[in-house]
Amino acid sequence: MEALGRRPHGIPMCVILMLLLLVTVAHSFYLPGVAPKDFVKFKMREPQMCNVVCHVTLNAKDAKEFKEKIDDAYRVNMILDNLPLVVPYKRPDLDSLVYQHGFDVGLKGQYAGRPEEKYFINNHLTFTVKYHKDEETDAARIVGFEVKPFSVKHEYEGKWDEKTRLTTCDPHAKRTVTSSESPQEVEDKKEIIFTYDVEFQESEVKWASRWDTYLYMADDQIHWFSIVNSLMIVLFLSGMVAMIMLRTLYRDISKYNQLETQDEAQEETGWKLVHGDVFRPPTNSDLLCVYVGTGVQFFGMILVTMIFAALGFLSPSNRGGLMTAMLLLWVIMGLFAGYASARLYKMFKGTEWKKITLQTAFMFPGILFAIFFVLNALIWGEESSGAVPFGTMIVLVLLWFGISVPLVFVGSYVGFKKPAIEAPVKTNKIPRQIPEQAWYMNPIFSILIGGILPFGAVFIELFFILTSIWLHQFYYIFGFLFLVFIILIVTCAEITVVLCYFQLCSEDYLWWWRAYLTSGSSAFYLFLYAAFYFFTKLNITKPVSGILYFGYMLIGSYAFFVLTGTIGFYACFWFTRLIYSSVKID
């Protein structure tokens, strides 16, 4: 079992044992430095009532620590047979049960007729272990793990010792804890007794289907609304692209190809006028190659992960399976990153392919690893159980240097050996002057406008993703997520093509970086939404927790920028090659 957060200094071990209640089936599990007699034992299909874990008297420091944990809404998470502990509760607007992941350390409340607010700790747990029985063999398998936490001020007669019987909770008298009991306050010098019950219930749910109740999605209408909202954006953009491609471009190409006289041929207008400069290598072309290659790597990782998750291969019963699969796919996709960056680099007449390969292999992962290391150091400093162990960090570095970097070099070598991508038109030696642009074609304005629609296509689903990450909710609707991802691809491609066409028509041929930044700017809105979510949905008060939130969201936004920017770039690259290969250029 595991608990969130760090162990408060000075709190007695028996309290920690209560929060980390060690549940085993048919055998005990031990922590170093703790005597075996202190441990709790579950035995399959053997109910237990009012088992006492420990008896403590809080001092001022302990009480202060517990109050902080209650203020910060700390929850205790446990695992039994790979099933997470949940608290079932009924929402007023739903007929079915909803499950909260883990139980609260405590709660705040008031006594009737008293204005002051008090802190109460959940010191009694009623566990319900659901099992499915095989009628032929009489064997049973666990299919559910639930708990009802109670705050109860336990009472007893005489002086406390190991044989003392409680009057508020007595297995001999069959007296159980109920919600009507007086709650247990958290204050200096307060005496607290931690207890628990275990109930076993036979269930019709089979072992193979035991995760279905955890992953039941009660608000699927909202997700369908998200899909419909995104599809409306796609239809709007598709209509604009169709109008450009079928009407405007067809008319332009027909007009250009049917000019009868030389004088007419010299009177070029619109996007054809910049044919001699449209494929001129951009400034900082090396950096563009690196980001495009990294985007291909990230796109491949996300696409394959989505497909496997949507098909059900990445089950939540395999804890950490999703993250492990993403890391391994990222490493493997280094092959395609090197290939894509080398192909584009050779098109720009580059010769130092090893330099571009090193940048592709180290720039994006290096930035992410540096941010992650700093954030993890902060978690280490807080003595949190959520810190990534040093050994795991070493394994990540070995995967990066030992597998990913060599694969990037292999892909780059193969890509650079292939013939260079030929532009459909020749590039003039002297670049033409770009005329003064209208205010709405200003690069910053058009880039920021271009990111709104891709973000609009995903922001509803983004809410559920943030909720699952930061509010410990279950998220396993990868079918919806895969549809949203496809819509995101189409939206990024179409908005970039539309704005690229308008840019070329205004005789501005500097489209390379703008194509990347147009759809990539959706990451800016993602980070703004993450900030909005932080201040409106999360009750985070500690500076370290806030730094962790914005640090991780910065990593996510940066990755989203690379992904969407690469999609937009390749869409615009395909579009410009298509239209300039369709006209006759003398």
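Residues numbered from 1 in each chain as written. Predicted model: local features only at pLDDT ≥ 70, side-chain atom pairs only at ≥ 80, totals over all residues. Heavy atoms only, no water.

### Thoughts on a negative patch on the surface
Working step 1: A contiguous patch of negative charge on the surface is contributed by Asp 134, Glu 135, Glu 136, Glu 202 and Glu 204.
Working step 2: Summarising the element assignment, Glu 202 is placed in strand E12 (residues 191-202). (Patch = residues over 30% accessible without salt bridge, like charges linked within 9 Å, V, L, I, M, F, W, Y side chains within 5 Å. Areas by Shrake-Rupley, 256 points an atom, 1.4 Å probe, with all protein chains shown as cover. Salt bridge = Lys/Arg side-chain N within 4 Å of Asp/Glu carboxyl O. Lys, Arg positive; Asp, Glu negative; His and termini not counted. Charge placed at Lys NZ, Arg CZ, Asp CG, Glu CD. Helix = DSSP H or I, 4+ residues; strand = E, 2+ residues; numbered from the N terminus.)

### Structural notes on unusual backbone geometry
Working step 1: The backbone phi angle of Ala 73 is positive, close to 60°, even though this residue is not glycine.
Working step 2: Its location among the elements puts Ala 73 in the loop between helix H2 (60-71) and strand E2 (75-76).
Working step 3: Assessed through its relative accessible area of 54%, Ala 73 is described here as exposed.
Working step 4: Even without being a glycine, Asn 284 presents a positive backbone phi close to 55°.
Working step 5: Note that Asn 284 resides in the loop between helix H4 (262-266) and helix H5 (285-310). (Buried < 20%, exposed > 50% of the residue type's maximum accessible area, 1.4 Å probe, protein only.)

### Some details on the confidence of the model for the chain
Working step 1: Of all residues in the chain, 84% have pLDDT values of 70 or greater, and the mean over the chain is 81.
Working step 2: Segment residues 1-13: pLDDT under 50, and 47 contacts once partners within four positions in sequence are set aside and those in other chains are kept.
Working step 3: Here residues 15-39 scores under 50 on pLDDT; set against residues more than four positions off or in separate chains, the count is 54 contacts. (pLDDT = per-residue confidence, 0-100. Contact = heavy atoms within 4.5 Å.)

### Some details on the packing of H5 against helix H8 (residues 353-381)
Working step 1: Relative to each other, H5 and H8 sit at 55°, their axes nearing to 9 Å. One way to sum up the angle between H5 and H8 is to call them oblique. Helix-helix and strand crossings are classified by hand; for H5 and H8 the assignment is right-handed. Counted together, Asp 286, Leu 287, Cys 289, Val 290, Tyr 291 and Thr 294 of H5 and Lys 355, Ile 356, Gln 359, Thr 360, Met 363 and Phe 364 of H8 form the full contact between these two elements. (Axes fitted to C-alpha atoms, helices over the stretch in contact; angles between N-to-C directions. Parallel < 35°, antiparallel > 145°, perpendicular 65-115°, else oblique. Left-handed = near helix turned anticlockwise from the far one by under 90°.)

### Points about the environment of Cys 289
Working step 1: Along the chain, the position of Cys 289 falls in helix H5.
Working step 2: The spatial distance from the C-alpha of Cys 289 to the C-alpha of Ala 340 is 7.8 Å, given a sequence separation of 51 residues.
Working step 3: Among residues more than four places away in sequence, those in contact with Cys 289 are Ser 341, Leu 344, Tyr 345, Phe 348 and Ile 356.

### Topic: the packing of helix H7 (residues 334-347) against helix H9 (residues 390-417)
Working step 1: H9 packs onto H7 with a crossing angle of 35° between their chain directions and a minimal axis gap of 6 Å. In this structure, the crossing between H7 and H9 has a hand that is right-handed. Each of Gly 334, Leu 335, Gly 338, Tyr 339, Ala 342, Arg 343, Tyr 345 and Lys 346 in H7 lies in contact with H9, whose residues at this interface are Leu 407, Val 408, Val 410, Gly 411, Ser 412, Val 414, Gly 415, Phe 416 and Lys 417.
Working step 2: Classifying every residue of the contact of H7 with H9 gives nine nonpolar, five polar and three charged. (Nonpolar A, V, L, I, M, F, W, Y, C, P; charged D, E, K, R; others polar.)

### Observations concerning the packing of aromatic side chains
Working step 1: Under the criterion given, the structure shown has 53 aromatic pairs.
Working step 2: Ring centres 5.7 Å apart and planes at 50° place the aromatic pair Phe 362 and Trp 400 in the tilted group. Residue Phe 362 is located in helix H8, and its partner Trp 400 is located in helix H9; the two are separated by 38 residues in the primary sequence.
Working step 3: Classification of Phe 362 as partly exposed rests on a relative accessible area of 29%.
Working step 4: Their ring planes at 35° and their centres at 5.0 Å tell us that Phe 534 and Tyr 549 sit as a pair that is tilted. Within this pair, whereas Phe 534 is found in helix H14 (residues 522-537), its partner Tyr 549 is found in helix H15 (residues 543-580), the two being separated by 15 residues in sequence. (Phe/Tyr/Trp six-rings, centres within 6.5 Å; stacked < 30°, edge-to-face > 60°.)

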